[in-house]
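Close look at the chain arrangement
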Amino acid sequence: MSKSPKTVTPDTKLLDVVSLMCLFRYSGLPVVTDGKLSGIIAEKDVLHRMFPTLEEVMDGLSSPDYDDMMKQYKDVVNLQVSDVMSSNVVTVSPDMHILKAATVMVRHKFRRIPVADAGQLVGMLSLGDIHKAIFQSNLAHTI
């Protein structure tokens, strides 16, 4: 688990967030308000704003202009985190068994998940963290 994850606030500009995502390879960041976990912002939340609507896809008379939609990125990054973040955050607790946390992640198709204690963010857990812990517990002493 990363014990000091990079966080953002709901009023952070998306341009700052996508810069962190692209420069430091973060695929998502926890959103914190007054020390409490209030959401999560992921690359999919940002990119979703550029996807065609169901009506555009289902409309047989015209096809979406994907090049034009791609240009919308400049408008999207002018929004704030609160405009696109997910506020229904699934978390695990710091005392949860590692395989139970992995099960929660797999069930929700997450590669990383916030670790929270009474709403307070205490870290981020990734599938890589889980794999490393299982390796260390089972095989590290044999190498």
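In this report, the structure presented in the accompanying data block is examined. These figures come from a predicted structure and were not determined experimentally.

1. Remarks on the packing of helix α7 (residues 98-108) against helix α8 (residues 127-138)
- Interaxial distance between α7 and α8 falls to 10 Å at its minimum, and their mutual angle equals 150°. Of the possible angle classes, the one that applies to α7 and α8 is roughly antiparallel. Between α7 and α8 lies a crossing of left-handed hand. Contacts between α7 and α8 involve I98, L99, A102 and M105 from the former and L127, I130, A133 and I134 from the latter.
- Split into classes, the residues belonging to the contact of α7 with α8 amount to 8 nonpolar, no polar and no charged.

2. Overview of the nonpolar core
- Ranked by internal contacts, the top residues of the largest apolar core, which has 16 residues, are V8, L14, V17, I41 and V81.
- Elements that contribute at least two residues to this core include exactly α1 (14-24), β1 (28-33) and α6 (81-84).
- The contact partners of I41, leaving out residues within four places of it in the chain, are V8, L14, V17, M21, S27, G28, L29, V31, V46, V81, V84 and M85.
- With 9 residues, the next largest nonpolar core counts A102, M105, I113 and I130 among its residues.

3. A word on the side chain of D45
- For D45, the position within the fold is in helix α2 (residues 43-48).
- Among the residues examined, D45 registers a relative accessible area of 11% and is labelled buried.
- A distance of 2.8 Å separates a polar atom in the side chain of D45 from the backbone nitrogen of A42.

4. Things to note about the pattern of salt bridges
- Here the structure, examined in full by the defined rule, presents 1 salt bridge.
- The partner of K44 in a salt bridge is D45, with the nearest N and O atoms 3.6 Å apart.
- Given a relative accessible area of 58%, K44 falls into the exposed group.

Reading guide: rules and limits
Residues numbered from 1 in each chain as written. Predicted model: local features only at pLDDT ≥ 70, side-chain atom pairs only at ≥ 80, totals over all residues. Heavy atoms only, no water. Axes fitted to C-alpha atoms, helices over the stretch in contact; angles between N-to-C directions. Helix = DSSP H or I, 4+ residues; strand = E, 2+ residues; numbered from the N terminus. Parallel < 35°, antiparallel > 145°, perpendicular 65-115°, else oblique. Left-handed = near helix turned anticlockwise from the far one by under 90°. Contact = heavy atoms within 4.5 Å. Nonpolar A, V, L, I, M, F, W, Y, C, P; charged D, E, K, R; others polar. Core = buried A, V, L, I, M, F, W, Y, C linked by side-chain atoms within 4.5 Å. Buried < 20%, exposed > 50% of the residue type's maximum accessible area, 1.4 Å probe, protein only. Polar contact = N/O pair within 3.5 Å; in protein donor to acceptor, adjacent residues only side chain to side chain. Salt bridge = Lys/Arg side-chain N within 4 Å of Asp/Glu carboxyl O.

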